[in-house]
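Below, each chain spelled out in residue letters.
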Amino acid sequence: MPMIVGVVAGVAVAAIAVLIGLFKLMWRVAEPNEALIISGSNHKTEGLEAGMGFRIVTGRGTLVLPGVQAVRKLSLDLNETELHVDCVTHQGIPLKVRGVVIFKVGDDFVSIANAGRRFLDQQKLMSERVHNVFAGHLRSIVGGLTVEDMIRDREKLTGQTRAACGTEMEKLGLIVDSLQIHEIEDPTGYIQNLAMPHAAAVQRDARIAQAEANRLATEAEQKSFARMAEATRDSEILQAGYQAERDKAGAKARQAGPLADAAARQEVVVQETRIAELEANRREQQLQADVRKPADAKAYEKRTLAEAERDARISGAEAKAKETELAAAAEATRVKTAAMAEAEATKARGTAVAASTRATGEAEAASAQAKGLAEAEAAKAKGLAEAEAIKARAAALAENQEAVVAQQLAENWPEIVRAGASAFGNADNMVILNGADGMADMFAKALTMGGTGLGLARQLLASMNQNGQPVNGTSLNGVASPPSQKVPVQE
């Protein structure tokens, strides 16, 4: 039994191997650049007549029965053939045309069938056949053209040749991918002679152009020499002008020394003036710090103490008056209560009414008396405080008149400056000479007018008596403004 199984398996394997071998023998595949032409049976191919007796396969595989069908390959690759054709033009001039034709078998079944019938066993002779076809048509076309036409419009020659060969190439199953005319040879020299007139004209134009260029160059040289002479003249004129300017600048430079010295001296004077102004400001600030502020502090201390003492006396008087008023009210209440208690008694009604009336009158009198005393004490305290303030101010004036004057001037300084500036009120336009120095002089004069009030204040304070009474109607709270002065302004 195992032997039978082994025999069956061997037979099966052998059968499979035979089948694979037969399949390989029968299966044919067409490459992309070839076509399989299978003959030996009647097949109908699309585009072909019925009963052609062969089948065309491209780009796929097919089964072929060995001994029954024959398989041949037709190449679809590109082919080329060079053209070397001796031609004669319409003018009777012999020419040699050199070119190349690139062609191949068409991809459709009709072209493959036509090419298979003509070149299946003679594919190497395909280029020769194509050369003969193109050579005959090229001679025919060149015979109808002139040399000038071929030179000027070579594309026309190529187009006519392809059109003339198209029908015959289609019958052969071939298509033309490219046709190029490389060269046209002229053994007689016609083309060279044809170019000679043009070459002579070009040479003539070149000589004329050279002569014209020489003439223009000569004219340009003459104009250049003239411009050089003109430039030399202008240069000498400019040099003379520059020399005059240098002489003028030298004269100014020689005068610059004295002018610089004068300007330097002027600057020194200006700086000294500014230094003096700064020193005056410093002294004024020192005076404010050393005199005015201590005096103000002392006056404030005395004034504060006087006001505190006055307020204390007033508060005491008001408290005493309030106490008296409260005592009177309490007494009146007590009397009223007693009167009401006595009034309850029928017998003492009349006496109680009289007592109550008398008590009410006495309370009102006591209240009026207490109120009068309080007002008198308040007026007395106020008078004492004012007297103390006047006395302190007189003492401060006697100790340091400069500080008091400075205080009064500081309080009334806006009015003083306004009075000094009134001299410029009627001026529409003002022209300040000498720049910043002129402006400084003008403001110095204005401040001088305002400063006149300082001397007047000192005179007024000197004329006051020891009791602080003003003389000639001038008060301590205001300083009489000095008479306005007109400052000359150049308009």
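Residues numbered from 1 in each chain as written. Predicted model: local features only at pLDDT ≥ 70, side-chain atom pairs only at ≥ 80, totals over all residues. Heavy atoms only, no water.

**Side note on the overall build of the protein chain**
Note the following rule: A helix here means a DSSP run of H or I that spans at least four residues, while a strand means a run of E at least two residues long, and both kinds are numbered starting from the N terminus. Here's how the labels work: a residue is buried when its accessible area is under 20% of the maximum for its type, exposed when over 50%, partly exposed in between, all with a 1.4 Å probe on protein chains only. Should any heavy atoms of two residues lie within 4.5 Å, those residues are considered in contact. In this description, accessible areas are obtained by the Shrake-Rupley approach with a 1.4 Å probe, and a residue is regarded as covered only by the protein chains that are shown.
Across its full length, the protein chain carries ten helices and eight strands. Within the protein chain, buried positions represent 23% of all 491 residues. In the protein chain, once contacts between residues fewer than 6 apart in sequence are set aside, the share between residues at least 24 apart is 70%. Surface accessibility of the protein chain: about 33200 Å² in total, with carbon and sulfur atoms responsible for 57%.

**Quick word on the sheet that holds strand β2 (residues 34-39)**
Heads up, the rule is: A pair of strands is treated as paired once DSSP finds two or more bridges between them. Angular values range over 0 to 180 degrees, each being the angle between N-to-C directions of two axes fitted as lines to C-alpha atoms, with helices fitted over their stretch in contact.
Spatially, three strands are ordered β3-β2-β5 in an open sheet, and the strand pairing comes out antiparallel. For this open sheet the edge positions go to β3 (54-58) and β5 (70-75), each flanked by a neighbour on one side alone. Along the sheet, successive strands turn relative to each other by an average axial angle of 25°, direction set aside. For β2 and β3, the ladder comprises five bridges, and the chain directions are antiparallel. Note that in β3 the partner of Ser39 across the bridge is Phe54.

**Some words on the pattern of salt bridges**
Condition: The salt bridge criterion pairs a side-chain nitrogen of Lys or Arg with a carboxyl oxygen of Asp or Glu, the two atoms within 4 Å.
Following the criterion strictly, the structure yields 13 salt bridges and no others. One salt bridge connects Asp205 with Arg204, and the closest N-O pair in it is separated by 3.3 Å. For Asp205, a relative accessible area of 41% gives the class partly exposed. For Arg204, a relative accessible area of 49% translates into the label partly exposed. Measuring nitrogen to oxygen at the nearest pair gives 3.8 Å for the salt bridge that ties Arg233 to Glu230. One end of the pair is Arg233 and the other is Glu230, both in helix α6 (residues 190-344) and three residues apart, which spans about a single turn.

**Comments concerning the nonpolar core**
Going by this rule: Grouping buried Ala, Val, Leu, Ile, Met, Phe, Trp, Tyr and Cys residues that are joined through side-chain atoms within 4.5 Å yields what is termed a nonpolar core.
Grouped together as the largest cluster of nonpolar side chains are 39 residues, with contacts concentrated most on Val105, Phe134, Met150, Leu157 and Leu174. For this core, the element with the most residues is helix α3 (residues 126-143), which contributes eight residues. Setting aside its immediate chain neighbours within four residues, Phe134 contacts Leu83, Val101, Thr161, Cys165, Met169, Val176 and Leu179. Counting residues in hydrophobic clusters, the runner-up holds five residues, among them Ala30, Leu36, Val57 and Val64.

**A few points about the sheet that holds strand β8 (residues 174-185)**
With antiparallel pairing, the three strands of this open sheet are ordered in space as β6-β7-β8. Of all the strands in the sheet, the pair left with one neighbour each is β6 (79-88) and β8. The mean inter-strand angle of the sheet, taken between neighbouring strand axes irrespective of direction, is 20°. Here β6 pairs with strand β7 (residues 94-105) via ten bridges, running antiparallel. If you follow Val88 over to β7, its bridge partner there is Pro94. Contacts from helix α5 (residues 154-171) reach β7 and β8 within the one sheet, and its direction differs from that of β8 by about 145°.

**Examining α5**
Operational definition: Helices are assigned an expected span. That span is 1.5 Å times one less than the residue count. In this analysis the local bend is the angle between axes fitted, respectively, to the seven residues ending at and the seven residues starting at the residue.
Its 18 residues give α5 an end-to-end C-alpha distance of 27 Å, which sits within 8% of 26 Å, the value for a rise of 1.5 Å per residue. Along α5, the largest kink reaches about 40° and is centred on Cys165. Residues Leu157, Thr158, Thr161, Cys165 and Met169 constitute the buried set of α5. Turning to α5, the residues buried within the fold contact β7, α3, α4 (147-152) and β8. Count one or two residues on from α5 and you reach Gly173, which has phi positive near 80°.

**Here we look at the packing of α3 against α5**
Rule in force here: Any angle between 65 and 115 degrees counts as roughly perpendicular, while under 35 counts as roughly parallel, over 145 as roughly antiparallel, and the rest as oblique. Should the near helix be turned anticlockwise from the far one by less than a right angle, the crossing is termed left-handed; should it be turned clockwise, right-handed.
In the contact formed by α3 and α5, the axes pass within 9 Å of each other and the chain directions differ by 135°. Put simply, α3 runs oblique to α5. Crossing of α3 over α5 shows right-handed handedness. Here Val130, Val133, Phe134, His137, Leu138, Ile141 and Val142 of α3 lie close against α5, whose contacting residues are Leu157, Gln160, Thr161, Ala164, Cys165, Glu168 and Met169.

**Thoughts on the confidence of the model for the protein chain**
To keep things clear, this is the line we draw: The pLDDT value tells you how sure the predictor is about a given residue, anywhere from 0 up to 100.
In the predicted model, the protein chain carries a mean pLDDT of 75, and the fraction of residues at 70 or more is 70%. The spread of mean pLDDT over the elements of the protein chain runs between helix α10 (residues 435-462), the lowest at 57, and β7, the highest at 90. Contacts of residues 465-491 to residues separated by more than four positions or lying in other chains number 47 contacts, the stretch itself having pLDDT below 50.

**Some details on a nonpolar patch on the surface**
How we decide: Think of a patch as exposed residues, more than 30% relative accessible area, with no salt bridge, where like charges cluster within 9 Å and nonpolar side chains (Val, Leu, Ile, Met, Phe, Trp, Tyr) cluster within 5 Å.
Together, Val18, Leu19, Leu22 and Leu25 give the surface a local cluster of nonpolar side chains, amounting to about 370 Å² of exposed area. Position of Val18 among the secondary structure elements: in helix α1 (residues 2-26).

**Topic: α3**
Taking 1.5 Å of rise per residue, the 18 residues of α3 would be expected to cover 26 Å, and the 26 Å separating its terminal C-alpha atoms lies within 8% of that figure. All of the buried residues in α3 are Met126, Val130, His131, Val133, Phe134, Ala135, His137, Leu138, Ile141 and Val142. Among the structural elements, β6, β7, α2 (109-119), α4, α5 and β8 are those in contact with the buried residues of α3.

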